[in-house]
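Report on the structure
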Amino acid sequence: MSSSKLGDWKITVVSIAILVMILVSPVIAVTMDNIGDTEVKSDAQAKVNHPQDPLAETINLERHTPKPPSKDDGNRHQNPKEKNGKDDQDEKNGANVLPFQKKHLWLICLSGMFGGLLYGIRDKKLVIPHRKSKNIYEPGVVTDVLFGVAGGVVIFLILPGNITPEKDTISLLKFIGVALIGGYGGRALVEKVLTQQIKDLQDSVDDLKAQNKEDAAGMALINKHFDDDPDTPAVPHDTLKAAIAKASHSLQVYAFDQARTFRRKALRNVRKKHGPNHIDRVVPVFLALIDCDEKNVYHRNHGQLAFALKDQEAADWAKAKEELTIAMEIRDRNKVGGFYVYEFNRALCRIKTVDKLEEIKKDLEVALSGPKTSDWVKKPSQVCAPDLVEWLKTNRERLKDWIKERGIQIPE
């Protein structure tokens with residue numbers, strides 16, 4: 001007989017043995033449980049029918065009666081009530097407690113095996129372990145049996161409460177039925193979970209591909225919008241805002257950085273009188289970013305929009321002041337330090353909207369707290385803050401004590 005045929009013969013014998021064990025497992029389970037109950041009853045009956053000799057009971061009692069602790073024993077002898085209380089507490093907390101008694105584990109495994117077998121023959125076919133090729137064996141029904149054992153145990157771990165078969169036949173059948181259901185559904189549950197996970201993973205990959213495509217188109221629009229080439233056609237504001245709204249968070253950060261860099265560069269060109277004022281290009285970008293921030297978390301979007309509104313050719317000082325106030329509220333709510341540039345610029349906006357002197361002074365006082373904005377207030381520039389210089393000159397008499405105290409140098 002060849003080695004291949006000998007191996008197939010061994011596999012067949014093992015498979016038949018497994019199937020026989022599976023088929024008779026429910027009968028064995030019920031029989032073993034009944035034998036256990038009979039042994040317990042027999043021991044109890046023996047104690048009743050054959051009481052122990054009184055003299056032996058006395059000797060045994062004296063032998064096992066603990067001696068009272070001596071003074072030198074200290075804390076070596078633990079109070080039995082305390083010990084029992086600790087054990088009860090451990091059991092109450094679930095320490096080393098299974099949702100079933102250990103003696104019923106074999107019953108669960110056998111019932112789970114039978115449930116796995118039922119799942120394996122649901123299509124009226126039973127695959128016996130066999131050799132598919134030289135180095136590959138097909139486990140067949142053994143796989144279903146193993147999944148059944150796992151499912152039979154797991155279902156007791158996930159079900160609430162302590163499930164234990166009582167002495168009556170109905171509760172025992174219910175216990176076996178739960179294990180059978182776990183065994184039958186073990187493989188089905190695993191297959192369903194794996195199928196759902198694969199589907200979710202595929203959906204995530206598809207969503208990522210679609211988002212990357214949207215981001216690529218959005219990045220192209222942002223770069224085109226901030227192109228310095230005068231021959232580059234302008235991007236419609238609605239198209240730009242729609243692209244930013246659909247963009248990922250990383251692309252929105254990229255849009256913010258690009259708009260901020262463009263605004264600062266354009267402001268330097270305006271102050272140096274190098275070309276026309278294009279600061280208004282960043283306004284739709286910051287408006288789109290504010291719309292995306294539904295929870296109103298990012299204060300810098302409002303701050304940058306305010307800077308653009310006050311520095312663009314058709315300056316909107318009132319709207320800029322409003323956006324700066326919102327930026328300050330978000331900053332303070334999130335307990336973010338710094339950014340005193342908001343108070344400094346709101347003071348400039350208040351000057352242009354002719355607000356009360358005390359309100360303007362209050363913003364400048366806060367701006368004096370920052371290392372950078374403090375220099376802007378103490379040494380105001382005719383180029384960067386001409387309105388502040390003019391306001392200080394106009395109110396020199398009313399503010400002379402404050403100007404002297406703060407060391408403010410008004411250029412002449």
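Please refer to the structure placed before this passage.
What comes next concerns the included structure. (Residues numbered from 1 in each chain as written. Predicted model: local features only at pLDDT ≥ 70, side-chain atom pairs only at ≥ 80, totals over all residues. Heavy atoms only, no water.)

Time to look at unusual backbone geometry. Most of the time, phi is negative for any residue but glycine, and the peptide bond is trans. Positive phi is not limited to glycine here, since asparagine 296 has a value of about 55°. Here asparagine 296 is to be found in the loop between α9 (283-292) and α10 (299-311). Of note, lysine 335 is a non-glycine position whose phi angle comes to about 55°, a positive value. Tracing the backbone through its elements, the reader meets lysine 335 in the loop between α11 (317-333) and α12 (341-352). (Helix = DSSP H or I, 4+ residues; strand = E, 2+ residues; numbered from the N terminus.)

On to the pattern of salt bridges, then. Evaluated as defined, the whole model comprises 15 salt bridges. Salt-bridge contacts for arginine 346 lead to aspartate 363; the nearest nitrogen and oxygen are separated by 2.9 Å. Of the two residues, arginine 346 sits in helix α12 while aspartate 363 sits in helix α13 (residues 357-367), which places them 17 residues apart along the sequence. In terms of burial, arginine 346 and aspartate 363 fall into one category: buried. Taken together, the shared-partner salt bridges in this structure form one network comprising Lys321, Arg346, Arg350, Asp355, Glu359 and Asp363. (Salt bridge = Lys/Arg side-chain N within 4 Å of Asp/Glu carboxyl O. Buried < 20%, exposed > 50% of the residue type's maximum accessible area, 1.4 Å probe, protein only.)

The next point concerns the packing of α10 against α11. As a packed pair, α10 and α11 sit with axes 8 Å apart at the nearest point and diverge in direction by 160°. With respect to each other, α10 and α11 are oriented roughly antiparallel. Considering how the two elements wind past one another, α10 and α11 form a crossing that is left-handed. Packed against α10, whose contacting residues are His299, His302, Gly303, Leu305, Ala306, Phe307, Leu309 and Lys310, the element α11 presents Trp317, Lys319, Ala320, Glu323, Leu324, Ile326, Ala327, Ile330 and Arg331 at the interface. Its residues placed into classes, the contact of α10 with α11 shows 10 nonpolar, 3 polar and 4 charged. (Axes fitted to C-alpha atoms, helices over the stretch in contact; angles between N-to-C directions. Parallel < 35°, antiparallel > 145°, perpendicular 65-115°, else oblique. Left-handed = near helix turned anticlockwise from the far one by under 90°. Contact = heavy atoms within 4.5 Å. Nonpolar A, V, L, I, M, F, W, Y, C, P; charged D, E, K, R; others polar.)

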